[in-house]
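Each chain, written out:
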Amino acid sequence: QVQLVESEGGLVQPGGSLRLSCAASGFTFSTYTMSWYRQVPGKERELVASISEAGGSTSYTDSVKGRFTISRDNAKNTVYLQMNSLKPEDTAVYYCAGSLGSYSYWGQGTQVTVSS
């Protein structure tokens, strides 16, 4: 059974930091590109960051470049998203996802709220 389980998000003050993790099981994690997406009500889901199978290549949407870092530990079947200098516009439900060709798996999502 495939599972992607995100850590709890939470409420963070502007300028603060938060690290999300996503633990995977039920598929060969090290062969999948892993990504983080986010979504706010009324808007399309947005790709935030992706990391290649071995972790050697990463990409980010422009709005988070220099603030967010995606990483993975294939020994632990876990992908991370370190979020620094958080802004109110980062408020969203964050999802992790794994993709390999036509296969994709999604986590259940975790709420991140940036507010004073």
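Nothing here was measured: the structure is a model prediction, and the numbers come from that model.

### Here we look at the side chain of Glu6
Relative to the helices and strands, Glu6 resides in strand β1 (residues 3–6). One buried charged residue, Glu6, forms no salt bridge at all, with the nearest opposite charge on Arg45 at 7.8 Å. A distance of 2.8 Å separates a polar side-chain atom of Glu6 from the backbone nitrogen of Gly109. Leave out the neighbours within four places in its chain, and Glu6 touches Ser21, Cys22, Trp36, Tyr94, Tyr95, Cys96, Gly107, Gln108, Gly109 and Thr110.

### Considerations on the environment of Gln1
Within the secondary structure, Gln1 sits in the segment before β1. Along the backbone, Gln1 and Gly26 are 25 residues apart, and their C-alpha atoms lie at a distance of 5.1 Å. In this view, Gln1 contacts Ser25 and Gly26; residues no more than four positions away in its chain are not counted.

### Notes on the nonpolar core
Counting 26 residues, the largest nonpolar core has Leu20, Trp36, Phe68, Val79, Leu81, Met83 and Tyr94 as its most contacted members. Those elements that place two or more of their residues in this core are β3 (18–25), β4 (33–39), β5 (46–51), β7 (68–73), β8 (78–83), β9 (92–100) and β11 (110–114). Counting residues per element, this core draws most heavily on β3, which supplies four residues. With residues up to four places along the chain from it excluded, the contact list for Met83 reads Gly16, Ser17, Leu18, Leu20, Arg67, Phe68, Tyr94 and Val112.

### Considering the pairing of strand β10 (residues 103–106)
Looking at chain direction, β9 and β10 are connected through four bridges and run antiparallel. Within the sheet, the bridge partner assigned to Ala97 lies in β10 and is Trp106. Between β9 and β10, which pair antiparallel one after the other, the connecting turn spans two residues, and Gly101 there sits at a positive phi close to 60 degrees.

### Some thoughts on the state of the cysteines
Applying the stated criterion across every chain, the model contains one disulfide. Paired through a disulfide, Cys22 and Cys96 show a sulfur-sulfur distance of 1.9 Å. With Cys22 in strand β3 and Cys96 in strand β9, the pair connects residues that are 74 residues apart, well separated along the chain. Here the two residues Cys22 and Cys96 agree in accessibility, since each one is buried.

Definitions and cut-offs
Residues numbered from 1 in each chain as written. Predicted model: local features only at pLDDT ≥ 70, side-chain atom pairs only at ≥ 80, totals over all residues. Heavy atoms only, no water. Helix = DSSP H or I, 4+ residues; strand = E, 2+ residues; numbered from the N terminus. Buried < 20%, exposed > 50% of the residue type's maximum accessible area, 1.4 Å probe, protein only. Lys, Arg positive; Asp, Glu negative; His and termini not counted. Salt bridge = Lys/Arg side-chain N within 4 Å of Asp/Glu carboxyl O. Polar contact = N/O pair within 3.5 Å; in protein donor to acceptor, adjacent residues only side chain to side chain. Contact = heavy atoms within 4.5 Å. Core = buried A, V, L, I, M, F, W, Y, C linked by side-chain atoms within 4.5 Å. Pairing = 2+ DSSP bridges. Disulfide = S-S within 2.5 Å.

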